[in-house]
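What follows is the residue order along each chain.
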Amino acid sequence: MNLARLDMNLVVALRALLEERNVTRAGRRLGLSQPAMSASLARLRRHFDDDLLARAGGGYELTPLGAALLERTAAACDLLERVFASQTRFDPAAETREFTLLGSDYGTSVFGAELARVLHDEAPGVRLSLQQSTPAIVENPATSLSGVDGLLLPHGIIDGIPSLDLFEDRWVCVVAADGPDLLTLDDLARLPWAVYQRPYDAPVTRQLSMIGVSPRVEVSVQSFQMLPNFVAGTDRVALMQERLARQATAPVKVLPCPFAAVPLREALWWHPLHARDAGHVWLRETAARVGAHIQAIDAEHMKDRFHNA
């Protein structure tokens, strides 16, 4: 495909047509007349040798190719916007740019909240959008990250794209406030579990399988922050990151794991197209400072626990 021969405006028109499924609404969305939008649709139909929009009753529906192009076209438009929004200089005190990061509630709560505080002080015009990641990230991380600024995710799930280590965390066990003061490996096999589970990241199963324990799962949720609520007042146990477990407001107790749990190493991942963008370079440098600050706070807490022991 020779891109020089393509009218890039057709990409924008294609997205509007596929999303609106109506020529008039698509034209109104782009500020074009109905005849101009019809002409764009005709050119797109010739290019793809497909109707893209087929009449169905009183409206239109997507053809199989149109449906396949819907997500790809949105991703292409997002990518083009980011390519042409790239900057050679970035003044955080004066910019009004928005940065979008994907991640779990753990990354958002522990890292995102601290990053937002720094942006408030250093870049008051910069907006931070924190969104929940989906399984599509693991299936095709490069494509999924082309339309956002980064992903907060531990090592061990994706690879092959640039990343920056932020901080480490420990896995701990969480039980009810009136539960045991110590857990054994037999307890982990005997007690019911509340677990964080999603298709690409099941930390309990991954950690316990290495020591030959199959957790008896009673409750499965897709939010780490919800786990303490499903442990409080029960004999259930949950595996959580220590920083997030210490923030819990539910009546629970945080205990050390009775096995050598592999530490969690949180990282920021991004698409290579952001490598030289001045705004993104500033974001990565700021993220590194925030991660180092979070790690330093943990070191101080460890020192205090040692002196108080």
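Residues numbered from 1 in each chain as written. Predicted model: local features only at pLDDT ≥ 70, side-chain atom pairs only at ≥ 80, totals over all residues. Heavy atoms only, no water.

J.: For this particular structure, what's the right way to read the overall build of the protein?
T.: Helix and strand content of the protein: twelve helices and twelve strands. Surface summary for the protein: the accessible area is close to 16000 Å², and the carbon and sulfur share equals 53%. (Helix = DSSP H or I, 4+ residues; strand = E, 2+ residues; numbered from the N terminus. Areas by Shrake-Rupley, 256 points an atom, 1.4 Å probe, with all protein chains shown as cover.)

J.: Please clarify how the side chain of Asp-105 should be interpreted in this entry.
T.: Within the fold, Asp-105 resides in helix 5 (residues 105–122). At a separation of 2.9 Å, a polar atom in the side chain of Asp-105 contacts the side chain of Ser-223. A polar atom in the side chain of Asp-105 sits 2.7 Å from the backbone nitrogen of Gln-225. Once residues within four sequence positions are removed from consideration, Asp-105 is found in contact with Gln-132, Tyr-196, Ser-223, Phe-224 and Gln-225. (Polar contact = N/O pair within 3.5 Å; in protein donor to acceptor, adjacent residues only side chain to side chain. Contact = heavy atoms within 4.5 Å.)

J.: How should I be thinking about the nonpolar core in this particular structure?
T.: Inside soluble globular proteins, nonpolar side chains tend to come together where they are buried. Membership of the largest hydrophobic core comes to 56 residues, with the highest contact counts inside it found for Phe-111, Leu-183, Leu-188, Trp-193 and Leu-227. In this structure, Leu-227 is in contact with Ala-194, Val-195, Tyr-196, Val-221, Ala-238, Leu-239 and Met-240, ignoring residues within four places of it in sequence. Leu-10, Ala-13, Leu-14 and Leu-44 belong to the second-largest nonpolar core, a separate cluster that totals 15 residues. (Core = buried A, V, L, I, M, F, W, Y, C linked by side-chain atoms within 4.5 Å. Buried < 20%, exposed > 50% of the residue type's maximum accessible area, 1.4 Å probe, protein only.)

J.: In this structure, what is going on with the sheet that holds strand 10 (residues 238–241)? I would like to understand it.
T.: For sheets, the rule is that strands pair by backbone hydrogen bonds, running either parallel or antiparallel. The antiparallel open sheet is built from three strands, whose spatial order is 10-7-11. Strands at the two margins of the open sheet, each flanked by one partner only, are strand 10 and strand 11 (252–256). Direction aside, neighbouring strands of the sheet carry axes that sit 40° apart on average. In this structure, strand 7 (residues 171–176) lies alongside strand 10, joined through four bridges in antiparallel fashion. By the bridge assignment, Val-172 is partnered in strand 10 with Met-240. (Pairing = 2+ DSSP bridges. Axes fitted to C-alpha atoms, helices over the stretch in contact; angles between N-to-C directions.)

J.: Where do I start with the packing of helix 1 (residues 9–20) against helix 3 (residues 34–48) in this structure?
T.: Axis angle and axis distance: for two packed helices, these are the angle between their axes and the distance between the axes, and together they describe the pair. At a minimum axis distance of 10 Å, the contact between helix 1 and helix 3 shows a crossing angle of 100°. Relative to helix 3, the element helix 1 lies roughly perpendicular. Contacts from Leu-10, Ala-13, Leu-14 and Leu-17 in helix 1 reach Met-37, Ser-40, Leu-41, Arg-43, Leu-44 and Phe-48 in helix 3. Classifying every residue of the contact of helix 1 with helix 3 by side-chain character gives eight nonpolar, one polar and one charged. (Parallel < 35°, antiparallel > 145°, perpendicular 65-115°, else oblique. Nonpolar A, V, L, I, M, F, W, Y, C, P; charged D, E, K, R; others polar.)

J.: Is there a simple way to explain the sheet that holds strand 4 (residues 127–132) in this structure?
T.: Here five strands make up an open sheet; going across it, the order is 4-3-5-12-6 and the pairing mixed. The open sheet has two edge strands, strand 4 and strand 6 (163–169), and neither has a second partner. Each strand of the sheet is rotated relative to its neighbour by a mean of 25°, with strand direction disregarded. Two elements, strand 3 (residues 98–103) and strand 4, share six bridges in a ladder whose sense is parallel. Looking at the pairing, Phe-99 lines up with Leu-128 of strand 4. Against the sheet, helix 5 engages strand 3, strand 4, strand 5 (150–154), strand 6 and strand 12 (264–269), with an angle of about 180° to strand 4.

J.: Teacher, can you tell me more about the environment of Leu-153 here?
T.: Inspection of the secondary structure assignment puts Leu-153 in strand 5. Residue Leu-153 is classed as buried on the basis of its relative accessible area of 2%. Separated by 113 residues in sequence, Leu-153 and Glu-266 have C-alpha atoms that sit 5.7 Å apart.

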